[in-house]
Every structure is written in structure tokens, then in C-alpha cells.
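Structural overview for review
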Amino acid sequence: MEGAALLRSSLSSTNRAFFSFRPHFSRSFSSSASSALRTNRHRQIPQPSLLRRTFLLPTAAAASPHFARRFSSLSPRAVATPLTPSPSESSGVSDEVAEKLGFEKVTEEFIGECKSKALLFRHKKTGAQVISVSNDDENKVFGIVFRTPPNDSTGIPHILEHSVLCGSRKYPLKEPFVELLKGSLNTFLNAFTYPDRTCYPVASTNTKDFYNLVDVYLDAVFFPKCVEDFQTFQQEGWHYELNDPSEDISYKGVVFNEMKGVYSQPDNILGRIAQQGLFPDNTYGVDSGGDPKVIPKLTYEEFKEFHRKYYHPSNARIWFYGDDDPTERLRILSEYLDMFDASSAPNESRVQSQKLFSEPVRISETYPAGEGGDLKKKDMVCINWLLSEKPLELETELTLGFLDHLMLGTPASPLRKILLESGLGEAIIGGGVEDELLQPQFSIGLKGVSQGDIPKVEELVMSTLQKLADEGFDTAAVEASMNTIEFSLRENNTGSFPRGLSLMLRSMGKWIYDMDPFQPLKYEKPLLALKARIEQEGSKAVFSRLIEKFILNNPHRVVVEMQPDPEKASRDEAAEKEILEKVKAGMTEEDLAELARATQELKLKQETPDPPEALRSVPSLSLQDIPKEPIAIPTEVGDINGVKILQHDLFTNDVLYTEVVFNMSSLKQELLPLVPLFCQSLLEMGTKDLSFVQLNQLIGRKTGGISVYPMTSSVRGKKDACSHIIVRGKAMAGRADDLFHLMNCILQEVQFTDQQRFKQFVSQSKARMENRLRGSGHGIAAARMDAKLNVAGWISEQTGGFSYLEFLQDLEQKVDNDWEKISSSLEEIRKSLLSREGCLINMTAEGKNLTNSEKFVGKFLDLLPSKSPLARTTWNARLPSTNEALVIPTQVNYVGKAANIYDTGYQLNGSAYVISKYISNTWLWDRVRVSGGAYGGFCDFDSHSGVFSFLSYRDPNLLKTLDIYDGTGEFLRQLDMDEETLTKSIIGTIGDVDSYQLPDAKGYSSLMRHLLGVSDEERQIRREEILSTSLKDFKEFANAIDAVKDKGVSVAVASPDDVDAAQKERSNLFEVKKAL
């Protein structure tokens, strides 16, 4: 999967990882069904993180993540440094024990920044390198990483990354990975491919479960079945498909279709072109993920040889982290590593540096655009620099990270602000400074540009950089960046990512290139040195030198411009069709009959369940390992000035996390689509006394960040939606007064008077929504279906779905002509929201800090109006219950179908969580992904609304996928399941429900449960129902799920050709709308 989420910048596509996209991931704005018990499924429009990326920021801090097992996380989880006293005495391994197990100790350090004892070992026989990090973090992490530099764009590292997880020597079933998902308590389980390395990480808080995961992964990478099984290569990579000799041949393959989706997104296309332009002479000059035009050139022999060459202990970096026994780690590894001798892989896999250019390069390309649209302002231009021929020393990298944050890190940062205020483009592209690869880069540009304005964008970038070099940054900006970055480093906010995995990826950025793996984890000394330099020399001397040396005076510059081409998609399809026609023309009748037979044989294998003895080979826990009670979160309900206060006494390392919640029920229905822009305006417009730049800097200097966003959900048993605006902030506890003062400032003092800034917000939001349509069409389809089925879904779709995009397209014209009305509407939203009536405050911190903060909360509440001047309104709207196809220029589809199963009389039972997870991991995985060739297929049950949804992701099919959805009820009726399989399904569901959370996330989850009326008593009932799920529950659920087949609505975000074909085959199945 496209891994911008994992990397340090959500804007960049220069350094990307491809994730082995595994079930189940859920739609944007929601979690899987079982997560409802954890954080309570709701929808929100997250605001961009106040931190973009800088050197040493946690690698996964910004993203949903979107990209681990699930497509997106339910709640915006910040995390605090855990309770980490010095590691226990048992955290070391004696030299004698290490020697006996075949290892020699290379170095041993205590890393104060993460309160961990870290040892670097070398396996004497093979040279495999192992880092063993010991501390008191129960969320244990293992990872094995190989250097895998490709020499072409056939996607061989990516296809191999998928394939090794499809069965191995000890675990000879089709997909041990899926069995682990079904029956493990893992907190992370995935794999991803970078341009030069492939990572296989797992995490769990349960030690037995953790070692089970480690063993399956070690066996998978060293002894995979795929090097002996051609059909796995065909399934995950590519193959010719022919169902009948009279039909056309087509390409199929999971990675092939994944990359077709990637190459349908303009931002991704530009990122690839930029990377290949910057690195024409080394491994980064090709696409490790695979170019769909080149993937079919990959042979099985090349595939097997790549594994033999690079998947060897001599080429491995192995990471352990957490509170488990470090001796046991080495014992497990020695069993595998001792089977190998040393190889020459480390020399062959070494990444060579790209030599710097003597003059700039210009590249012009096109990207697929919709036909008939306005293409006047749809060009993209990005300026990219390779900063150095050699890796930089730590302090320079850290300083570049600060410089990047100063220039681009917040809406007030000068380079970002000037580009957006220029009106030359709609949104920023390029990720600023990137240092994930051997050599660092810097990229910046705009999309939504008129072709004639491309030179103006380039000139503006260069002149702004020159001005920053000449004049420097103001002191307040430097202080704000320093505080923001330092807060982030000390807080170690890795979102829902395991902290140990974040540290592993950070360390790997040096270790993989044979540099010191501990250096990236130690920021204290370079941070102090940088502060001292700024104090002594002044910030201008420190930063101007870098701008001049690495950017302005650097000839290794690549300018990439891209123009929209409405005929590109159809040309590419025609070229592919022509190739396949030639392939078929070159075949005899016997060849065609053999291909049809091979196609059927592959499908039969894909759809035949593994035998019970193979399934039993995968280790799993028993129900006795599972706690009988849900995780309790300490919650004290109090009252300040008549407002309800929820307090969670948890260790947060002296950070105060708070959410101020306002009820949206007084808001007029027609103002709902303005709410996301209202939230952005609060944070990015100024007050009477402060410009928005000054306000932004103040937030950066005094807090760890403030965000504002809407949250909407159905409430089970109630007709009305639960809809709120949440103001979320964090600060050191000693800054609580500042935090609440600034929250009051943005809520009450910000003035909605800056017409031009608001117009920028509209353009940025429109560009973001258009990108979502192409890259996350399943989220758009899910929101659209919800909007047809319940009021909460309709509200969410108005503020974050296709309707919102239509609203933005219309609003863009109105900002110039009717600004006064828009400005007064924003003011009306504020008046309807801000009052103590219906307000709720949630706080998470240590008890003493909660008590000390109460006076500041009281002061904040005193300043709020006591009541809203507007009466409560009722929203009772839905979209028409028609099937819809939203047509976009793409090579793959996103196909959804949904219905409300509560309308059939179904009564919620915890078994539904087990069943929906099982459907995703078996029926949909096998039919939509494995056999159908889609990148993902899954279902989602919203227990609050009763909506049961099916969705597919980067899917080459449309009608075929809908037919699979309709067959789910019959699949359940025919299901035969032994006790062991059922137990695994139950344990996997409990793993989702009990997903590991750090203190602030626990406090946030408790808030969500409070808002949605989910009591601890209900959680206990649902848990007992999950634990007692039977085969009978599966059979009975078939009747409820038939509602999707019989009464469901379908929404597809799809290509014009596939929609046309579907309309012909099933007359007018869809109401067709051209979306892009």
C-alpha cells in the first residue's frame, strides 16, 4: 500500500513505502465494528497535524493509518511517553550467554531519550545484525528488515513482500498472515516495501502471542512457499487470466491492481517522477513498488533469484523492543540463523550514492484527467533538490529538520503561506525535507496551477527562499518551532503506531546504510548544541547558511511539471488491450485451452479452504489467555460552573490532554457544510490584536498543539444524531493556563474577515477532496451509502463526502460574490455552538495536574455564554436510496453496498463483531482480493446505526464484486467451522476490542463512550457475548445480512469504461454522476 502515512510527511510521495495491504482495514471516518466497543465508532474530519515532519519526529506521527491493519484509525490518537523507569536488571544478556547462542556483543548503551537499554549483536556465523532494546513498555515489537534494491520497475521487492506471507515451511497453508489476523492479539501486523528495503514488523502486548508472531514471520521470510509455488507469484504479482478461450485475456494480480490505483493518482505519479528524476543513476531511479506497464515483464525465475540473493541473514537487520526476556530473543533467532552460512548479500545490496548534477533538469509529463472538465487550472509543478552526495551528520540533519518546520511546518510558515496566498495554485505539493533514503531531498510546489503560471510559481519559490536566506526568521517563529519540535520529541507521539516500531524505523534510516543505528534515537545532545548555536550566532546565521548551501546554490535541481490529459487513461487502457490482443493472437488453440485451464486451477486453489491440519500449524492462544473483563479506564465525573467534567487520572509524563466538546444541535441544517471550514478558520485567521501568524506562533510556543474538528455518529436506539465540535489540545501541565486561554482566544476572538484566506481554505479543501476521490474512493463510497441510510451519515457526507466536494466547487465562486453572507454564516455557526449549555470537558493527566487545572477550566467556562441564543433544531435529511456510480479517471474501482440491518429487526449481539471480522478475513479476502485481484475487500458493521457495509479497494471488478457481496448470506449458511477456528475468531475480535492504547487515547475513548451512551455494563455484556459466540450465531446472522442483498444501496467510485459495461449488462443499475 501507498505508505505516505508511515513516512514523516503526509505531503511527500518522494520516499514511499508500500504496505502489504491486509484485512481488515475500515473506511475513512470509521473503525471496524469491534472497535465500537473500544473507541466507539464516529466520524470526524481530522485537521492537519500542527507538526508536518522534521528529523527525529516519530515516523508515523501524522497519519491515520491509515495504514497498518486498518485503513484508518478511529480517533486521532496522541500518545505520551509511557511509565518508563530504568530497565530492570534482567534487561541485559551476559557475554557468555550470547556466545553460547552464537552471537557477539558489538555495543551496549543506555539511551536516555527512550529510557531503554540497547544492545547491538552480531551473529557470528552469518553476520546478521540484531538490536535488542529493553525497557518496561509492554507493547513489544519485532522487525526484520532486508536491503532490497531493485534494478528495474517490475515491482519485484513489493511482490515478494506480499508473497512470502503466503505460507512457509512450518506453516504450509495459503496465508498464515490471515490466520494470525483471525486469532492473534497483535497490536501491529503488516509488512512494507521502501525504495531500498523491505520491513516485516509485528507487535503484541501478550508475550506468548508475540513470540508466535515472531516465529511465523521468521519462517515466512527465510523459508517461504512462494519460491516453490508459481501460483502464489501469479496471485500476488501478475498473470494472464482467461475464463474461456472465446473471451479476451486480461492481467490479474494483487500488486498489479494496487499499482494501477497508485498510478491513477496525480500526486503519486508526480512523486515517482520526481524521485526518478533526482536519482537517475542508482536504485531510486526505478519504482520498487512496480509500474503496471513493467510488472508483466517480471519472470518467476527473477522473482526466486531475488529472494535467494537478498532474503538471507547476512543481509538482515533484526530489531526487538519491549519488556520481554532479551535472552529468549536471541534463542529464538539462533534457531533460524544457525541454519545459514555467510553470504555476499551485504556487498551486493549496498545502495550507491547518486552523484550531484552540474546543472538543473526539467521534466514534463501528463496525468489522467476526467473528460469534459475544466482543465484550465489543473497543472502541477514541483521543484526538487537532492541536498547532498553523502549522508549528513546528525546536527546538520536536525538543523535541516528545524529549517523545514520553520519554512513549511504550520499554516503561518513563510514559504507555505506565501505560496498559498499567491493565488497561483490550490494546494501545496512536495514534502519539504525528506531524509528516509541514503541522501536527503527537499521538494516544494503547487497543484491547481494554470499552465501559464508555472514559471511564476518557480520564481516565487526561488525568490521566497532567497528572501528567507537574506532576512532570516523572526524570533517568535524560531521559538514556536523549537517548542513544537521539542514537545513532540519528548512526548514521543506515535499515534496508534507502536512506539517501538517508530523507533525501529527511525533507527533503520541509518542502520540500513551501515551507519550508527543508535544515533537517530539520541536527540538530546544535538538539540542542546543547536540551541546553543542559535543563542550564540543568531538564527539567521544558522539557517541562512543551510538555505544557500543546500538549496539556492545547489545545481542538483529537478523541476517536474504535469499537465492534465483527458485521453491518457483511455490511451493507457487501449495500449494494454493491444498488448493482450497480441499475446492472444500469438497463442494456438491448445495454448488458449491451457491458459483457461490454468486460470480455473488458480481460482480453485484460491477458493479451496486450507485443510484443518495446516490451519492447526499456526500457533494461537486459548480463551483462557483472554481477560474476562474489558479494560477499565479511571473516570471521575464532576462539575465546574454547571458544566460536566470528565477526568482520567493516568500517567502522562506531566502532559495535560484536554477536549472541549460543544453540541451542534442548534445549528441550521444549511450551515452544516461550512463547519469544516469554520474549524479551519478558527485556527488560521487572526483576532483584533493578533494576526493569524502571531496566533499560530503563540500556540506553538505555549502548547503542544490545538485542533478543532466536527464529530458525528448515530446513537443506538435514538433517531437523532450525536453531533459535536471538539476542540482538542495538549500542553505541559504547567502551561494549562496558557492552553485554556488560547482555546478561548481561537473560539471567541478570531475574526472571520479575511476573504482571501478563506478562499485559500476552499481551494485547499477542494484539492484534498479530489485527491481522496482518487486515492480513497472506498471512504467516499462508504460515506455516500451512510448518507442514504441515516441522518448521522448524511451529516458526515455533507461535511466530508462527495456532497461536500460539490459544495466546495460551488462555494469557490461565491466567495468573491457573496463574502459578507459567508462571513456572517461563520459568525452564526459560532453563536449557535458556543455556550456552557451542552458543553463538556474531558481531561487526561496525573491526579495532581487535573486538580491544579480546574481553576483554569473555571476561568475558561466563565468566559462562555451561558446559553445559545438559537433554539435546538432537528436535522432529518438523507440522500435518495438509489444506486450511484461516481465516475473518475482511474484504472481501478472502489465498490460498496450497504443496508441497515436493525431495520430487519436484528438485535445487537457481540457475536456480530466476531462474524463481520470473519467475513472480511475469509469470504471477502478469498473472493474479492485473492481470486478477484482487488487490493482489499472487507465489511464494516456500525453498531450505533445498524449499517452493515461491504467495500472493496483498488478493485479491477465491479459487478462481480457486488455478486460476491450478495453471496455472503449463503456463505454463512453453508459454513462449517470447528471449535479451534471459532476460538481463533473470538480471540482476534477481542484483540481488536482491547487494542493497545496509551493514556491520552484511553481518555479520548472514554469521552466517546460517554457521548454515545456506551456504559461499562454494556461493554461487559458485549464482551461476554463475543466470548460465547457459536456457529449458530453465524447461521442466524445470515438472515440479517441478507438485507444488504435484498434492500441494500450500492455506490461505486469507478472508471467510465467499467460503469458503461455494468450499465449495459444490468440495465441502468446505477445513477451515474461524473465526479472528476
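Figured I'd write up the structure that's included with this text.

Parameters and conventions
- Residues numbered from 1 in each chain as written.
- Predicted model: local features only at pLDDT ≥ 70, side-chain atom pairs only at ≥ 80, totals over all residues.
- Heavy atoms only, no water.
- Salt bridge = Lys/Arg side-chain N within 4 Å of Asp/Glu carboxyl O.
- Helix = DSSP H or I, 4+ residues; strand = E, 2+ residues; numbered from the N terminus.
- Buried < 20%, exposed > 50% of the residue type's maximum accessible area, 1.4 Å probe, protein only.
- Patch = residues over 30% accessible without salt bridge, like charges linked within 9 Å, V, L, I, M, F, W, Y side chains within 5 Å.
- Areas by Shrake-Rupley, 256 points an atom, 1.4 Å probe, with all protein chains shown as cover.
- Lys, Arg positive; Asp, Glu negative; His and termini not counted.
- Charge placed at Lys NZ, Arg CZ, Asp CG, Glu CD.
- Expected span 1.5 Å × (residues − 1).
- Contact = heavy atoms within 4.5 Å.
- Polar contact = N/O pair within 3.5 Å; in protein donor to acceptor, adjacent residues only side chain to side chain.
- Pairing = 2+ DSSP bridges.
- Axes fitted to C-alpha atoms, helices over the stretch in contact; angles between N-to-C directions.
- Left-handed = near helix turned anticlockwise from the far one by under 90°.
- Nonpolar A, V, L, I, M, F, W, Y, C, P; charged D, E, K, R; others polar.
- Phe/Tyr/Trp six-rings, centres within 6.5 Å; stacked < 30°, edge-to-face > 60°.
- Core = buried A, V, L, I, M, F, W, Y, C linked by side-chain atoms within 4.5 Å.
- Disulfide = S-S within 2.5 Å.

Notes on the pattern of salt bridges
Side-chain pairs of opposite charge can arise whenever the charged atoms involved come near each other. This model, assessed by the stated rule, comprises 82 salt bridges. A salt bridge links Asp625 to Lys208; its shortest N-O distance comes to 3.5 Å. With Asp625 in the loop between helix 20 (612-615) and strand 18 (636-640) and Lys208 in helix 4 (residues 207-222), this pair connects stretches of sequence that are 417 residues apart. Owing to a relative accessible area of 28%, Asp625 belongs among the partly exposed residues under this scheme. A salt bridge links Asp963 to Arg1066, with the nearest nitrogen and oxygen atoms 2.8 Å apart. In this pair, Asp963 sits in helix 31 (residues 959-966) while Arg1066 sits in the loop between helix 37 (1056-1065) and strand 29 (1071-1074), placing the two residues 103 residues apart along the sequence. Arg1066 sits in the partly exposed class, given a relative accessible area of 30%.

Brief notes about a negative patch on the surface
Residues Asp244, Glu247, Asp248 and Glu581 make up a contiguous surface patch of negative charge. Inspection of the secondary structure puts Asp248 in the loop between strand 10 (239-241) and strand 11 (250-252).

Describing helix 14 (residues 475-491)
Between its first and last C-alpha atoms helix 14 spans 24 Å; for 17 residues at 1.5 Å apiece the expected length is 24 Å, and the two agree. Packing partners of the buried residues in helix 14 comprise helix 11 (394-408), helix 16 (524-537), helix 17 (539-552), strand 20 (655-663), helix 22 (692-702) and strand 22 (722-732). The backbone nitrogen of Ala476 lies 3.1 Å from a side-chain oxygen of the residue at the head of helix 14, namely Asp474. Just past helix 14, the residue Asn492 takes up positive phi, approximately 55°.

Some words on the sheet that holds strand 28 (residues 1049-1054)
Neighbouring strands of a sheet are bound in pairs by backbone hydrogen bonds; such pairs are parallel or else antiparallel. Taken in spatial order, the six strands make up an open sheet running 26-27-25-28-24-29, and their pairing is mixed. One side of each edge strand has no neighbouring strand; the edge strands of this open sheet are strand 26 (936-942) and strand 29. For this sheet the average axis-to-axis angle between neighbouring strands, irrespective of direction, equals 15°. Direction of pairing for strand 25 (residues 894-900) relative to strand 28: antiparallel, over a ladder of five bridges. Looking at strand 28, one finds that Ala898 is bridged to Val1049. Its contacts with the sheet put helix 31 on strand 25, strand 27 (947-953) and strand 28, and the angle it makes with strand 25 is roughly 30°. Docked against the sheet, helix 37 engages strand 24 (884-887), strand 28 and strand 29, running at close to 155° with respect to strand 24.

Focus: the environment of Leu861
Structurally, the position occupied by Leu861 is in helix 29 (residues 847-862). Given a relative accessible area of 0%, Leu861 falls into the buried group. Along the sequence, Leu861 and Val141 sit 720 residues apart, while their C-alpha atoms lie 43 Å from each other. Ignoring anything within four residues of it in the chain, the contact list for Leu861 reads Ile640, Asn641, Val643, Ile645, Arg836, Cys839 and Ile841.

Quick word on the packing of helix 13 (residues 454-471) against helix 17
Relative to each other, helix 13 and helix 17 sit at 145°, their axes nearing to 8 Å. For helix 13 against helix 17, the interelement crossing comes out left-handed. Contact residues: helix 13 offers Met462, Leu465, Gln466, Leu468, Ala469, Asp470 and Glu471, while helix 17 offers Lys540, Ser544, Ile547, Glu548, Ile551 and Leu552. Each residue belonging to the contact of helix 13 with helix 17 can be placed in one class, and the counts come to seven nonpolar, two polar and four charged.

Some thoughts on unusual backbone geometry
If you check the backbone angles, Lys115 has positive phi at about 45° while not being a glycine. Note on placement: Lys115 falls in the loop between strand 3 (103-111) and strand 4 (116-123). Even without being glycine, Asp514 reaches a positive phi, approximately 65°. Structurally, Asp514 can be placed in the loop between helix 15 (499-511) and helix 16. According to the relative accessible area criterion, Asp514 is partly exposed, its value standing at 41%.

Here we look at the packing of aromatic side chains
Evaluation of the coordinates by the stated rule reveals 45 aromatic pairs. When the ring of Phe233 is compared with that of Tyr300, the centres are 5.5 Å apart and the planes differ by 45°; the resulting orientation is tilted. Taken together, the positions of Phe233 in helix 5 (residues 230-236) and Tyr300 in helix 8 (residues 300-310) put the pair 67 residues apart, joining distant regions of the chain. In this structure Phe233 comes out as buried when scored by relative accessible area, which is 2%. On the basis of relative accessibility, which here comes to 13%, the residue Tyr300 falls in the buried class. When the ring of Tyr918 is compared with that of Phe971, the centres are 6.4 Å apart and the planes differ by 15°; the resulting orientation is stacked. With Tyr918 in helix 30 (residues 911-931) and Phe971 in helix 32 (residues 968-974), this pair connects stretches of sequence that are 53 residues apart.

Comments concerning the nonpolar core
In terms of nonpolar packing, the biggest core is built from 89 residues, with Ile746, Phe758, Phe860 and Leu861 touching the most fellow members. Here the element with the most residues in this core is helix 23 (residues 736-749); it accounts for eight residues. Residues Leu101, Tyr211, Phe340 and Leu592 belong to the second largest nonpolar core, which totals 68 residues.

What to know about helix 9 (residues 326-337)
The first and last C-alpha atoms of helix 9 sit 16 Å apart over 12 residues, in line with the 16 Å expected at 1.5 Å per residue. All of the buried residues in helix 9 are Pro326, Arg329, Leu330, Ile332, Leu333, Ser334, Tyr336 and Leu337. At the N-terminal end of helix 9, a side-chain oxygen is found 3.0 Å from the backbone nitrogen of Thr327, two or three residues along, and the residue is Asp325.

Regarding the state of the cysteines
What the rule picks out here adds up to zero disulfides. The structure places no disulfide on Cys226, whose sulfur is separated from the nearest cysteine sulfur, that of Cys166, by 7.5 Å. Between Cys722, a free cysteine, and Cys839, which holds the nearest cysteine sulfur, the sulfur-to-sulfur gap is 14 Å.

Points about the sheet that holds strand 13 (residues 361-368)
Read across the open sheet, the five strands follow the order 13-17-14-16-15; overall the sheet is mixed. Sheet topology places strand 13 and strand 15 (427-434) at the edges, where each strand pairs with a single neighbour. Across this sheet, the average inter-strand angle for adjacent strands is 15°, counted without regard to direction. As judged from the eight bridges shared by strand 13 and strand 17 (residues 557-565), these two strands associate in the parallel manner. Looking at the pairing, Glu365 lines up with Met562 of strand 17. Helix 12 (residues 414-421) contacts strand 15 and strand 16 (441-449) of the sheet and is inclined by roughly 20° relative to strand 16. Packing against the sheet, helix 13 makes contact with strand 13, strand 14 (379-386), strand 16 and strand 17, and its axis sits at approximately 35° to strand 14.

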